[in-house]
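Understanding the architecture of this molecule
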Amino acid sequence: QVQLIESGGGLVQAGGSLRLSCAASGRTFSSYTMGWFRQSPGKEREFVAAISWDGSITNYADSVKGRFTISNDNAKHTVYLQMSSLKPEDTAVYYCAARGGLQPYIRPRDYDYWGQGTQVTVSS
């Protein structure tokens, strides 16, 4: 089993920045992919960004390209999501996810492990 714990959410004004963290513990993979997803009330969970274990491959949703950056620190078993130029439509619960493998998958069903989520609220 893999345990994922997100942190860093909160309330921020439009145009501001936040950095989310996701710390992983438990089972380790020889290679893995970490992803960030988000979900707003009444909407399906949507892909935000993903990164391969070595950081060589990243993938972003079009809606966040140029504003969000995903990175990881393998020594700390932690993945980050730096969010800048935040917009009210970025308001959602943000989830961290993990699976074995190298590719930065974008579908929620491709991930095996999930964190509990952290709320991000962007005020206008």
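The structure reproduced in this document is the subject of the present report.

The rules behind these values
- Each chain carries its own residue numbering, running from 1 in the written order of its sequence.
- The predicted origin of the model limits local features to residues at a pLDDT of at least 70 and limits the giving and counting of side-chain atom pairs to 80 or more, whereas totals for whole chains, interfaces and linings rest on all residues.
- In computing side-chain values, all of the structure's heavy atoms are included and hydrogens and water are not.
- To qualify as a helix, a DSSP run of H or I must reach at least 4 residues; to qualify as a strand, a run of E must reach at least 2; elements of each kind are numbered from the N terminus.
- Throughout, exposure labels follow a simple rule: accessible area from a 1.4 Å probe, protein chains only, divided by the maximum for the residue type, with under 20% read as buried, over 50% as exposed, and the rest as partly exposed.
- We call two residues contacting when some pair of their heavy atoms lies within 4.5 Å.
- Methods summary: accessible areas were calculated by the Shrake-Rupley approach with a probe of 1.4 Å, and residue burial reflects only the protein chains presented.
- Working convention for charge: Lys and Arg count positive, Asp and Glu count negative, and His plus the chain ends are omitted.
- Where a charge sits is defined by one atom per residue type, namely NZ (Lys), CZ (Arg), CG (Asp) or CD (Glu).
- Aromatic contacts are taken between Phe, Tyr and Trp rings whose centres are within 6.5 Å, Trp giving its six-membered ring; a plane angle under 30 degrees counts as stacked, one over 60 as edge-to-face, and the others as tilted.

**Observations concerning the overall build of the chain**
Secondary structure assignment for the chain yields zero helices and 11 strands. Along its sequence from the N terminus, the chain presents helices and strands in the succession β-β-β-β-β-β-β-β-β-β-β. C-alpha extents for the chain along the principal axes are approximately 45 × 25 × 25 Å. Scored against the burial criterion, the 124 residues of the chain give a buried share of 44%. Taking as baseline every contact in the chain between residues at least 6 positions apart, the subset at least 24 positions apart corresponds to 58%. Carbon and sulfur atoms provide 48% of the accessible area of the chain, an area that totals close to 6,300 Å². Across the chain, 12 positive and 10 negative side-chain charges occur, with their mean positions spaced 0 Å apart.

**Some thoughts on the packing of aromatic side chains**
Using the criterion set out here, one finds five aromatic pairs in the structure. Ring centres 5.2 Å apart and planes at 75° place the aromatic pair Phe37 and Tyr111 in the edge-to-face group. One end of the pair, Phe37, is in strand E4 (residues 32-39); the other, Tyr111, is in the loop between strand E9 (92-100) and strand E10 (113-114), with 74 residues separating them in the sequence. In this pair, the class of Phe37 matches that of Tyr111, namely buried. With centroids separated by 6.5 Å and ring planes inclined at 80°, the aromatic side chains of Tyr95 and Trp114 adopt a geometry described as edge-to-face. Of the two residues, Tyr95 is situated in strand E9 and Trp114 in strand E10; the sequence distance between them amounts to 19 residues. When its relative accessible area of 14% is taken as the criterion, Tyr95 is described as buried. Taking the relative accessible area as the measure of exposure, Trp114 reaches 28% and is therefore partly exposed.

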